[in-house]
Amino acid sequence: IVIGAPAGGVEALLYLVKHLPKEFNVPIVIVLHLPKHGTEVLSSLLNRDSKLPVFVAINNQAIERGKIYVAPPDRHVLVKDNHLKLTLSPRENNHRPAIDPLFRTASRSFKNRVIGVLLTGTLDDGTAGLKAVKMRGGIAVVQKPEDAMYPGMPRNAIENVENIDYILPLSEIPPILVELASRLVNSSEVSQDSSSNSY
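Residues numbered from 1 in each chain as written. Predicted model: local features only at pLDDT ≥ 70, side-chain atom pairs only at ≥ 80, totals over all residues. Heavy atoms only, no water.

Draft legend 1. How the structure looks around the overall build of the protein chain. Helix and strand counts for the protein chain stand at 6 helices and 10 strands. In summary, the protein chain has a C-alpha radius of gyration of 15 Å against a globular reference of 16 Å for 199 residues, a match within 12%. In terms of principal-axis extent, the alpha carbons of the protein chain reach across some 40 × 35 × 30 Å. The buried share among the 199 residues of the protein chain stands at 51%. The contacts of the protein chain with a sequence gap of at least 6 include a subset with a gap of at least 24, amounting to 67%. (Helix = DSSP H or I, 4+ residues; strand = E, 2+ residues; numbered from the N terminus. Rg over C-alpha atoms; globule rule 2.2 N^0.38 Å. Buried < 20%, exposed > 50% of the residue type's maximum accessible area, 1.4 Å probe, protein only. Contact = heavy atoms within 4.5 Å.)

Here you go:
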């Protein structure tokens, strides 16, 4: 699961992680727009309420089930070969980290087994990434604009991405993620051998 939550995102993320069960068996990677010299406090804040362990992403680390990874300041987070890659490549949508690179690379690696989630935010970061998720058969979840602290980003995605699967208030996003994650894990266990590291 990849999540973009820029403006107003801390409050939304705190709610989301608080309502995910400790048995949640899918990895989550989060991008929040942070200033270049911002402190890596988001993981500490989320760890207070999360039943799942939250970490600041580290370059080349393997993605593990049931863990939450948060992009550090001034680094894009990419997904490649079931690992996280940090990069200083140019800003996208005036941000680094940006949501689009995470969504784009996750969709390349996991194709129809990616769930892209866009929460409250401004402007249009995440829209192109969500298109990439949908192009490869993944699932798109967008916070209902009327429910978001900043409705611009979810509204932009709704207007520009075809066939968004779920447009929901924040309160309904954790339950749908639990349901979708259960489906992914069950289908993965049926279709892949026991040596697979993914999900």
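Additional details are given in the paragraphs that follow.
Draft legend 2. Structural context of the environment of Lys80. Turning to its location among the elements, Lys80 is positioned in strand β6 (residues 76–80). Linking Lys80 and Met135, residues 55 residues apart in sequence, is a C-alpha distance of 18 Å.

Draft legend 3. Representation of the pattern of salt bridges within the structure. Applying the stated criterion to the full structure yields 6 salt bridges. Close ionic contact of Glu179 with Arg183 constitutes a salt bridge, the shortest N to O distance being 2.5 Å. With a gap of 4 residues between them, Glu179 and Arg183 both fall in helix α6 (residues 173–191), about one helical turn apart. Take Glu179: its relative accessible area is 39%, and that puts it in the partly exposed class. Here the salt bridges share partners, and the residues they tie into one network are Asp74, Arg75 and Arg96. (Salt bridge = Lys/Arg side-chain N within 4 Å of Asp/Glu carboxyl O.)

Draft legend 4. Representation of the nonpolar core in the model. Ranked by size, the top nonpolar core spans 34 residues in total, and within it Leu119 and Leu177 carry the most contacts. Listed by contribution, the elements that provide at least two residues to this core are α1 (9–18), β2 (28–31), α2 (42–49), β5 (68–70), β8 (115–118), β9 (139–143) and α6. It is α6 that contributes the most residues to this core, 7 residues altogether. (Core = buried A, V, L, I, M, F, W, Y, C linked by side-chain atoms within 4.5 Å.)

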